[in-house]
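Here are the chains, one letter per residue:
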Amino acid sequence: MNYALLLCGGSGKRMGSLPVGKTLMPVGGIPAVVRCARAFSSADCRLILVVPQGQESLYHDVLGHFGLSARITAGGKERQDSVGRGLALVPEDGDLVLIHDGARPLVSEKLIRELIRQALISGSAVPALPVTDTLKRADADGTVLGTTDRAGLYRVQTPQVFCAGDLRKARAAAGEGPFTDDAQVMEQAGFKVHLCPGEADNLKLTYPEDFVMAEKLLSPLFRTGFGLDAHRLTAGRDLVLCGVRVPYDKGLDGHSDADVALHALTDALLGACALGDIGTWFPDTCEEYRGISSRILLERAAALVRDKGFEIVSCDITIVCQKPKLAPYIGQMREYTAESLGLDTDRVSVKATTTEGMGYEGRGEGISAHACATVSAPWGKQDQATPASQTL
């Protein structure tokens, strides 16, 4: 079992006056420590929190409010004292220890899992980014004394991952320090430390502007997709538009119920998330989809979109046909579509128009529909997906 040791004892003096410790301050509406805890829990790590003396119950309650649990202990005077107290809660048979600054709330599950993988290979894994700025040495008055070669220099982050037994041995052998991080403890004791690529977003909350940057990184990324579909009108079929059966002597021809409006909307949703199109996920060569309600397909597409980290914001559909008149059914169409997407009706627009007798719609040969969909997602949270046509 792997253990994540979250250090939450920083006072945040460089932040100015804070109502609570900086790891309890909200980032994107969620306490920083909760964001950390969620990432490590998702990566299958047991949580250990080292917190300021007397605040153990406060942190316990905060985690509990978000459905999280951890072993919690009070920290010591120095950072290494706090690490020691947290390490004491790691069982002797613990595999890896991941030591993380609780003030780095944007750490990703992806980074955590990759560091664990590297540590299992190399015995340690420390995330780092190469120094890209020019480095100057200066005296107390700010006079430049020289330029430092930045080749081979890195900015180190957390979590720093070590074999639990190696870390205990290193702490016993390294002496009192001072040490600025746990990698230095390992180095001092003669252990090899391996650097791995870090993440630029894995910033540490040190100054007020860091909170501003973290909020910006968590701001939603809005994306819009467009969908267009058309089906031929034919006798002997029900006319279904946005899930509503519209009385008419013809219906739309297709493999499913041929709901042209919901097909266009499904394409718009998938397109907004760059997840392909309706034919990719629900191919007309698959018997599973023969005669299926397009509301079911839309609901599956909406679930797929949400599984990939997106939220559906709104949609707009325009149905193009000469006949029948659709105005009496627009309200029900909006309700059905909103229900399928799990949205309030005021986020769903459905309109109908004619072509003044022009084109195949005007001649009554078919009906087309156009749709737009807007989705949002935090930056960098989208994952790849596997279409149904590749799994069937």
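Structure: above.
Residues numbered from 1 in each chain as written. Predicted model: local features only at pLDDT ≥ 70, side-chain atom pairs only at ≥ 80, totals over all residues. Heavy atoms only, no water.

(A) Seen up close, the packing of helix α3 (residues 79–87) against helix α5 (residues 164–174). For the pair α3 and α5, interaxial distance at closest approach is 12 Å and the crossing angle is 140 degrees. Between α3 and α5, the angle falls in the class oblique. Crossing of α3 over α5 shows left-handed handedness. Where α3 abuts α5, its residues Gln80, Val83, Gly84 and Leu87 lie against Leu167, Arg168 and Arg171. (Axes fitted to C-alpha atoms, helices over the stretch in contact; angles between N-to-C directions. Helix = DSSP H or I, 4+ residues; strand = E, 2+ residues; numbered from the N terminus. Parallel < 35°, antiparallel > 145°, perpendicular 65-115°, else oblique. Left-handed = near helix turned anticlockwise from the far one by under 90°. Contact = heavy atoms within 4.5 Å.)

(B) Spatial organisation of the pattern of salt bridges. Within the structure shown, the criterion is met by 15 salt bridges. Between Asp101 and Lys204 there is a salt bridge, and its shortest N-O distance comes to 3.9 Å. With Asp101 in strand β6 (residues 96–101) and Lys204 in the loop between β12 (195–197) and α7 (208–218), this residue pair connects regions lying 103 residues apart in the sequence. Among the residues examined, Asp101 registers a relative accessible area of 10% and is labelled buried. Of the residues examined, Lys204 reaches a relative accessible area of 34% and is grouped as partly exposed. What you see here is one network of salt bridges that share partners, running through Arg79, Asp101, Arg104, Asp182 and Lys204. (Salt bridge = Lys/Arg side-chain N within 4 Å of Asp/Glu carboxyl O. Buried < 20%, exposed > 50% of the residue type's maximum accessible area, 1.4 Å probe, protein only.)

(C) Region of interest: unusual backbone geometry. Note that the residue after Thr158, namely Pro159, is joined by a cis bond; omega there is 10 degrees. Relative to the helices and strands, Pro159 is located in the loop between β10 (154–156) and β11 (160–163). Here Glu356, not a glycine, exhibits a phi torsion of approximately 55 degrees, which is positive. Topologically, Glu356 is positioned in the loop between β18 (348–353) and α12 (359–362). The exposure class assigned to Glu356 is exposed, which follows from its relative accessible area of 67%.

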